[in-house]
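# Observations on chain architecture
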Amino acid sequence: MNTATGTGTDSDGDVDTDPTPANVVLITIDSLRADAIGAYDETRHTPVMDSLADRGTVFDRAFATGNWTPFSFPSMLASRPVFTDTSGIGITGSPALASALSDADISTAGFNAANGFLTSHWGYDDGFDEFEPFVASVGSSIYSRYLATHPTVEAWLQLAASPIRRIGSKLRGETDDRPFLDTSRMFDVEHAATSFIEETDDPFFLWVHYMDAHTPYVPAPRYIREVSSGILGTHRMLSAHTRTGLGLGVSERTLKDLRTLYQAAVRQIDASIGRLLETLSDSGVDDRTAVVLAGDHGEEFQEHGHLAHYPKLYDELIRVPLIVDVPGTPARRIDTQVGLDAIPPTIVDLFGVAPDTEWTGETLVPGVLDGTPPADDPVVSVTVRGEKVTSQPIPRSLADGDLLVSVRDRDWTYIENVDAGTRELYHRPSDPTQQDDQSVDPTAEGRRAIERLSPYVEGHVAVLRDRDEAAVDAEMDEELEARLEALGYR
């Protein structure tokens, strides 16, 4: 059993500076690109997450291993790339992080804000003493069930009612920080996490997953005001949602409005994280609880022609924030690249628990404790693309489309469509948004980059092709199917 106690005093009354925590809270945020928070872009307004960065370790070059939740989370909660254990998505049959901790007598809880790809159907409950995905927590009335499976309708209702609700809040002397409708299940997750912290003794592991930054972006009005220089009227918010929902053209103003709504949604998450941190403090465990924060993938705002997160492997979708705050350790930034498969070995290392021998990631704890950077190895990411970039559903096996693999080192991004036999090459220092493909007529330096990075693609593909041919997708219940369809995943 873990016996770490964190900072405190020893038997002689002296301060004990051992930074080993007793507890770990993992906060994951759906669709959170790195430049959405102030730690990576000083123009952003995310005070809570920035405070974590100011006192913790920020990994400047953290990359997701896929562009979608089901392509990224096998690495985040099982340190195994998607499709390496079975031919389908999920972590069934993979060595889960929570199982390793539960086996070490650490209390575990996981709360997911209704992302249907992070449920027991895909194996994500494995090892958790308490697990609630809130997929079915939609109320019993026909009205509430309809809204739960139609979040864009929820969004429109919330936006249309926001002026009336704001006036009512002012008349009652209340704040307007709570949405009219909890479309993202943020408060469900927050309440469950708070109860777990208050009722659980050391040591514990808590995972919370937020969905507010996922489309549709429906922040409370106060957060829109916090992140925008002007007043974004309700009619403009409704227009932005309507135009994108109907597939109409997106003007510069609409794109700006969508970015504002996205940043306001990120700020709404930021405030919720602040309340969780306050719970840790009120419960007297903040000085012995480490916090790990990460995005599972990013979000595109037409950098490469689309919105949301379609099957691409450019930085707006793959570069994510990763912050590790361990009480008693100095603040620092580390610029060697890391993949999100480092999360499970890092968390078990913080608990003093051995990592699973099948995990692919390496612990980041030496970098957090004494600044020793991790190996500067390239990071591999994958996606599967059907006949059209915007085709749905999300591929659930390698047979659902062409396999795309990207490899990143410090300067170069190499992307190969393995099945189509095409490739792309970008020099990020001179082309940070990856618009200038240098693969057709590469420079001598570019040719060396291709020669250096292409073997990583070949090696990763060899692993995937040698996977266990297990059943891809068992039958899902109606509520899970409905929630996935509500998020745009038919």
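Residues numbered from 1 in each chain as written. Predicted model: local features only at pLDDT ≥ 70, side-chain atom pairs only at ≥ 80, totals over all residues. Heavy atoms only, no water.

## Some details on the overall build of the protein chain
Cut-off, in case you're wondering: Every helix listed is a DSSP run of H or I at least four residues long, and every strand listed is a run of E at least two residues long, numbered separately from the N terminus. Relative accessible area decides the class of each residue, using a 1.4 Å probe on protein chains only: under 20% of the type maximum gives buried, over 50% gives exposed, and in between gives partly exposed. In short, Shrake-Rupley with a 1.4 Å probe defines the accessible areas, and a residue's cover is counted only from the protein chains shown.
For the protein chain, the helix and strand inventory stands at 14 helices and 18 strands. In the protein chain, which comprises 490 residues, the share counted as buried stands at 59%. Accessible area for the protein chain stands at about 19500 Å²; split by element, carbon and sulfur atoms hold 48% of it.

## Focus on the sheet that holds strand β13 (residues 332-334)
For clarity, the cut-off: Here, strands pair whenever DSSP counts at least two bridges between them. Axis definition: a line fitted to C-alpha atoms, limited for helices to the stretch in contact. Angles are taken between N-to-C directions and run from 0 to 180 degrees.
If you trace the eight strands from one edge of the open sheet to the other, you get β7-β6-β8-β3-β9-β12-β4-β13, paired in mixed fashion. Looking at the sheet topology across the chains shown, the edges are occupied by β7 (130-132) and β13. The average angle at which neighbouring strand axes cross in this sheet is 10°, direction not considered. Pairing analysis gives three bridges linking strand β6 (residues 107-112) to β7, with the strands arranged parallel.

## Focus: the packing of helix α6 (residues 186-199) against helix α9 (residues 252-282)
Between two packed helices, what matters for the description is the angle formed by their axes and the separation of those axes. To keep things clear, this is the line we draw: Angle categories are assigned with fixed cut-offs, so that under 35 degrees is roughly parallel, over 145 is roughly antiparallel, 65 to 115 is roughly perpendicular, and the rest are oblique. Should the near helix be turned counterclockwise from the far one by less than a right angle, the crossing is left-handed, whereas a clockwise turn marks it as right-handed. For this analysis, residues touch if any pair of their heavy atoms sits within 4.5 Å. Here the nonpolar group is Ala, Val, Leu, Ile, Met, Phe, Trp, Tyr, Cys and Pro; Asp, Glu, Lys and Arg are the charged ones; every other residue, Gly included, is treated as polar.
Put simply, α6 and α9 touch, their axes get as near as 9 Å, and they point 15° apart. Relative to α9, the element α6 is oriented roughly parallel. Read as a crossing pair, α6 and α9 show a hand that is right-handed. Touching M186, F187, E190, A193, T194, I197 and E198 of α6 are Q268, S272, R275, L276, T279 and L280, all from α9. Classifying every residue of the contact of α6 with α9 by side-chain character gives six nonpolar, four polar and three charged.

## So, the side chain of Q268
The cut-off we apply is this: In protein, a polar contact requires one atom able to donate a hydrogen and another able to accept it; more generally it is a pair of N or O atoms within 3.5 Å, and residues adjacent in sequence count only if both atoms are side-chain atoms.
Positionally, Q268 belongs in helix α9. Take Q268: its relative accessible area is 2%, and that puts it in the buried class. Within the structure, the side chain of Q268 is placed 2.8 Å from the side chain of D212, a separation counted as a polar contact.

## A short note on the sheet that holds strand β18 (residues 422-427)
Reading across from one edge, β15-β16-β17-β18 is the order of the four strands in this open sheet, with antiparallel pairing throughout. Only two strands of the sheet have a single partner each, and these edge strands are β15 (379-385) and β18. Neighbour to neighbour, the strand axes of the sheet diverge by 15° on average, direction disregarded. With five bridges connecting them, strand β16 (residues 402-408) and strand β17 (residues 412-417) associate as antiparallel partners. Residue pairing in the sheet places V405 in a bridge with E416 of β17. In this fold helix α13 (residues 444-465) packs onto β15, β16, β17 and β18, with an angle of close to 50° to the strand it touches most, β17.

## Focus on unusual backbone geometry
Cis rather than trans, the peptide bond between D202 and P203 has omega equal to -10°. Turning to its location among the elements, P203 is positioned in the loop between α6 and β8 (204-210). Phi is positive for D105, which is not a glycine, with a value near 65°. You can see D105 is positioned in the loop between α3 (97-102) and β6. A positive phi is found at Q434, a non-glycine position, where the angle reads about 55°. Tracing the chain through its elements places Q434 in the loop between β18 and α13.

## Remarks on the nonpolar core
Short version of the rule: Residue types Ala, Val, Leu, Ile, Met, Phe, Trp, Tyr and Cys, when buried and joined through side-chain atoms within 4.5 Å, form a set referred to as a nonpolar core.
Core analysis: the biggest nonpolar cluster contains 68 residues, and F59, F205, W207, L322 and I347 have the highest contact counts within it. By residue number, the principal contributor to this core is α13, which donates six residues. Not counting residues up to four positions away in its chain, the partners in contact with W207 are L26, T28, F73, L77, A109, G110, F111, N112, L118, F128 and F131. Of all hydrophobic cores here, the second largest spans 53 residues; its members include A109, F134, F196 and I197.

## Describing α6
Threshold: In a helix, the anticipated span is given by 1.5 Å times the number of residues less one.
With 14 residues, α6 extends 20 Å from end C-alpha to end C-alpha; this agrees with the ideal 20 Å at 1.5 Å per step. In terms of burial, α6 is a largely internal element, ten of the 14 residues being buried. Looking at the buried side of α6, the elements it contacts are β6, β7, β8 and α9.

## A look at the pattern of salt bridges
To keep it simple, the criterion reads: A pairing counts as a salt bridge when a side-chain nitrogen of Lys or Arg comes within 4 Å of a carboxyl oxygen of Asp or Glu.
Evaluated as defined, the whole model comprises 16 salt bridges. Here D315 and R408 are joined by a salt bridge, their closest N and O atoms 2.9 Å apart. Taken as a pair, D315 in helix α10 (residues 315-318) and R408 in strand β16 lie far apart in primary sequence, 93 residues in all. What you see here is one network of salt bridges that share partners, running through R222, E226, R267 and D270.

## A closer look at the pairing of β6
With five of six residues buried, β6 is to be regarded as a mostly interior element. The pairing of β6 with β8 spans six bridges and is classified as parallel. Across the sheet, A109 pairs through a bridge with L206, a residue of β8.

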